4 protein chains.
Amino acid sequence: MKQETIDRIRKFTDERDWDQFHTPSNLAKSISIEANELLECFQWSDTEYDVQHVKEELADVLVYCRNMLDKLGLDEDEIVNMKMDQNEAKYPVDKAKGKNDKYTKLNGCRQ
Amino acid sequence: MKQETIDRIRKFTDERDWDQFHTPSNLAKSISIEANELLECFQWSDTEYDVQHVKEELADVLVYCRNMLDKLGLDEDEIVNMKMDQNEAKYPVDKAKGKNDKYTKLNGCRQ
Amino acid sequence: MKQETIDRIRKFTDERDWDQFHTPSNLAKSISIEANELLECFQWSDTEYDVQHVKEELADVLVYCRNMLDKLGLDEDEIVNMKMDQNEAKYPVDKAKGKNDKYTKLNGCRQ
Amino acid sequence: MKQETIDRIRKFTDERDWDQFHTPSNLAKSISIEANELLECFQWSDTEYDVQHVKEELADVLVYCRNMLDKLGLDEDEIVNMKMDQNEAKYPVDKAKGKNDKYTKLNGCRQ
């Protein structure tokens, strides 16, 4: 996300004095709520969906994720790269290629 | 997100031949599933949470959001700014300041 | 749900002194979290799923719903019938038959 | 749920010819979507909520759970009791009393 987009989100919150509602817990609820409005675009069909509606709901998820990054003072690239380190270790190319198994299954573990 | 982080996510998917599983519908499910693993960090307490765990789950949400942006050929800044236009119109500062009411209530509409 | 199953759920909570954690908000989070563990059974495929896993996760959703009914002193049949009254009014058979449109669309409303 | 309530839900689906949309995957999405409309009642406050709204959204979750039980030919009491067997084993009273730890932590396991 560009710095000016990030700044716009922050200004939006500041001007409305909404930081008081943005506890990490409330933001986690909000991300889940918006993720499910996105999911609702695909409730009865996997292939017929309204792209404009998808864009709006995905944007809502991204805005609340940005709010949470800000609230907890996190750097997006840092946490994503930290998680990608884990994902690359859990899903080695030779075992995971073309398979959608969970890593516990790939590694012969009981879940 | 920096270009090199975006590239790393794309390479991760490509190397595992996982694009076949990344239908928009499956990605919407995945965003919701990860959003709820994030929510689980706050299941029984709003104030006591494991920051490391929060980072990991928030990163998972962000990675699947990136997958969906890629799948649908969307530009993150474009859709977020489009949505912020809507949000600014729905929540005028003078009506929304310090209130957490839904816009339908702020505007005197029945929901 | 049979009375003896309801009693078993209540006894489980009582014996562990867990009622203190069962605020309505925490139970709402828990229902969503378990609903997403259920959704995870269908994350990458709509048709291949582990029925035993589905049973377990659906049961978890039902147990937390029972906890919430108890917490708020609600009668399951009463609230379901109240909602079915609404659903029958929103989705008249002649308009809704064979269609998966949302009622706002069925009735020519803007959402 | 009383038999007549169950019958009403089944009749509602049958009359609208909606069984075609009720795949297990679509029902899992629907349970999550409704669970998040329930969660939305608590989005910004844990203590101030609209009980009527909570009743309606909880009822929606219960109706979709009933649809899924029907779709998969499951008996609600059977799956709940099967899961309670597991829960009682995972959370022994002496270890779990008054604690909201996950069973993996209670049993000294790495998650």
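Residues numbered from 1 in each chain as written. Chains lettered and ligands numbered in written order. Predicted model: local features only at pLDDT ≥ 70, side-chain atom pairs only at ≥ 80, totals over all residues. Heavy atoms only, no water.

Undergrad: Can you walk me through the packing of aromatic side chains in this structure?
TA: Two measures describe an aromatic ring pair: the distance that separates the ring centres and the angle between the ring planes. The tally for this structure, following the rule as stated, stands at 20 aromatic pairs over all chains. Between B:Phe12 and B:Trp18 the ring centres are 5.6 Å apart and the planes differ by 80°, which places this aromatic pair in the edge-to-face class. Taken individually, B:Phe12 and B:Trp18 each receive the classification buried, so the pair is uniform in this respect. An aromatic cluster of at least three residues, connected via ring pairs, comprises A:Phe12, A:Trp18 and B:Tyr91. (Phe/Tyr/Trp six-rings, centres within 6.5 Å; stacked < 30°, edge-to-face > 60°. Buried < 20%, exposed > 50% of the residue type's maximum accessible area, 1.4 Å probe, protein only.)

Undergrad: Can you walk me through the environment of C:Tyr64 in this structure?
TA: As for its position among the elements, C:Tyr64 is in helix α3 (residues 51-71). Once the C-alpha coordinates of C:Tyr64 and C:Leu27 are considered, the two residues, 37 residues apart in sequence, prove to be 6.4 Å apart. (Helix = DSSP H or I, 4+ residues; strand = E, 2+ residues; numbered from the N terminus.)

Undergrad: Looking at this structure, I do not really get the relation of the copies chain D and chain A. What am I missing?
TA: Here two copies of a chain appear, and what relates them is a rotation about an axis with a shift along it. Of the transformation placing chain D onto chain A, the axial shift is 0.0 Å and the rotation is 180°, giving an RMSD of 0.0 Å. This pairing of chains is accounted for by a two-fold axis. Ranked by how close their C-alpha atoms come to the rotation axis, the residues of chain D are headed by D:Asn36, at 3.3 Å. Both copies present the same face, since 100% of the interface residues in chain D are matched by interface residues at the equivalent positions in chain A. (Least-squares fit on C-alpha atoms with pLDDT ≥ 70 in both. Contact = heavy atoms within 4.5 Å.)

Undergrad: I tried to follow helix α4 (residues 76-90) of chain D on my own but got confused; where do I start?
TA: A turn of α-helix holds 3.6 residues, and therefore any two residues three or four places apart point the same way. Taking 1.5 Å of rise per residue, 15 residues should cover 21 Å, and α4(D) covers 21 Å from first to last C-alpha, within 8% of that figure. If you check which residues of α4(D) are buried, you get D:Glu76, D:Asp77, D:Ile79, D:Val80, D:Lys83, D:Met84 and D:Asn87. In a view along the axis of α4(D), the buried residues occupy a sector of 160°, so they form one face of it. Exposed positions of α4(D) whose direction lies more than 90 degrees from the buried face are D:Glu78 and D:Ala89. Against α1 (3-16) and α3 of chain C together with α3 (51-72) of chain D lie the buried residues of α4(D). (Expected span 1.5 Å × (residues − 1). Arc of directions from axis to C-beta.)

Undergrad: Would you mind showing me how to read the interface of chain D and chain A here?
TA: Interfaces are often sized by the accessible area lost when the parts come together. Taken together, the contacts link 16 residues of chain D with 16 residues of chain A. Taking both sides of the interface into account, the surface hidden between chain D and chain A amounts to around 1,500 Å²; carbon and sulfur atoms contribute 55%. Inspection of the chain D/chain A interface yields two salt bridges. Here A:Lys29 and D:Asp46 are joined by a salt bridge, their closest N and O atoms 3.0 Å apart. Connecting chain D to chain A are ten residue pairs in polar contact (both at pLDDT 80 or more). Here the residues of the side of chain D that touches chain A are counted per class, giving six nonpolar, six polar and four charged. (Buried area = accessible area lost by both parts, 1.4 Å probe. Salt bridge = Lys/Arg side-chain N within 4 Å of Asp/Glu carboxyl O. Polar contact = N/O pair within 3.5 Å; in protein donor to acceptor, adjacent residues only side chain to side chain. Nonpolar A, V, L, I, M, F, W, Y, C, P; charged D, E, K, R; others polar.)

Undergrad: Is there a simple way to explain unusual backbone geometry in this structure?
TA: In most cases, non-glycine residues show a negative phi, while peptide bonds are predominantly trans. Positive phi, normally seen in glycine, also occurs at B:Asp17, with a value near 55°. Here B:Asp17 lies in the loop between α1 (3-16) and α2 (24-40).

Undergrad: Is there a simple way to think about the side chain of A:Glu57 in this case?
TA: Mapped onto the secondary structure, A:Glu57 falls in helix α3 (residues 51-72). There is no salt bridge for the buried A:Glu57, and the closest opposite charge comes from B:Lys83, which lies 6.1 Å off by N-O distance. Residues within four places of A:Glu57 in sequence aside, it is in contact with A:Glu34, A:Glu37, A:Leu38 and A:Cys41. (Lys, Arg positive; Asp, Glu negative; His and termini not counted.)

Undergrad: Help me out: how do you make sense of the confidence of the model for chain A in this one?
TA: A low pLDDT means the predicted coordinates there should not be read in detail. Averaged over every residue, the pLDDT of chain A is 94; the share at 70 or more is 95%. Confidence estimates for the predicted assembly give a pTM of 0.95 and an ipTM of 0.94. (pLDDT = per-residue confidence, 0-100.)

Undergrad: Which parts of the structure should I look at to understand the interface of chain A and chain B?
TA: Contacts between the two partners involve 60 residues from chain A and, on the opposite side, 60 residues from chain B. A combined buried area of about 5,800 Å² lies between chain A and chain B, and 67% of that area is made up of carbon and sulfur atoms. Taken together, the links from chain A to chain B amount to six salt bridges. In this structure, the connection of chain A to chain B is made through 30 residue pairs in polar contact (both at pLDDT 80 or more). Residue assignment for the side of chain A that touches chain B shows that the elements contributing at least two residues are α1 (3-16), α2 (24-40), α3, α4 (76-90) and α5 (93-96) of chain A.

Undergrad: When you look at α1(B) in this model, what are you seeing that I'm missing?
TA: Residue and element names in this part refer to chain B. Spanning 14 residues, α1 covers 20 Å between terminal C-alpha atoms, matching the ideal 20 Å at 1.5 Å per step. Listed as buried for α1 are Thr5, Ile6, Arg8, Ile9, Phe12, Thr13 and Arg16. Along α1, the residues classed as buried sweep out an arc of 160° about the axis, all on the same side. Projecting away from the buried face of α1 at angles above 90 degrees are the exposed residues Glu4, Lys11 and Asp14. Trailing α1 by a residue or two, Asp17 shows a phi angle of about 55°, which is positive.

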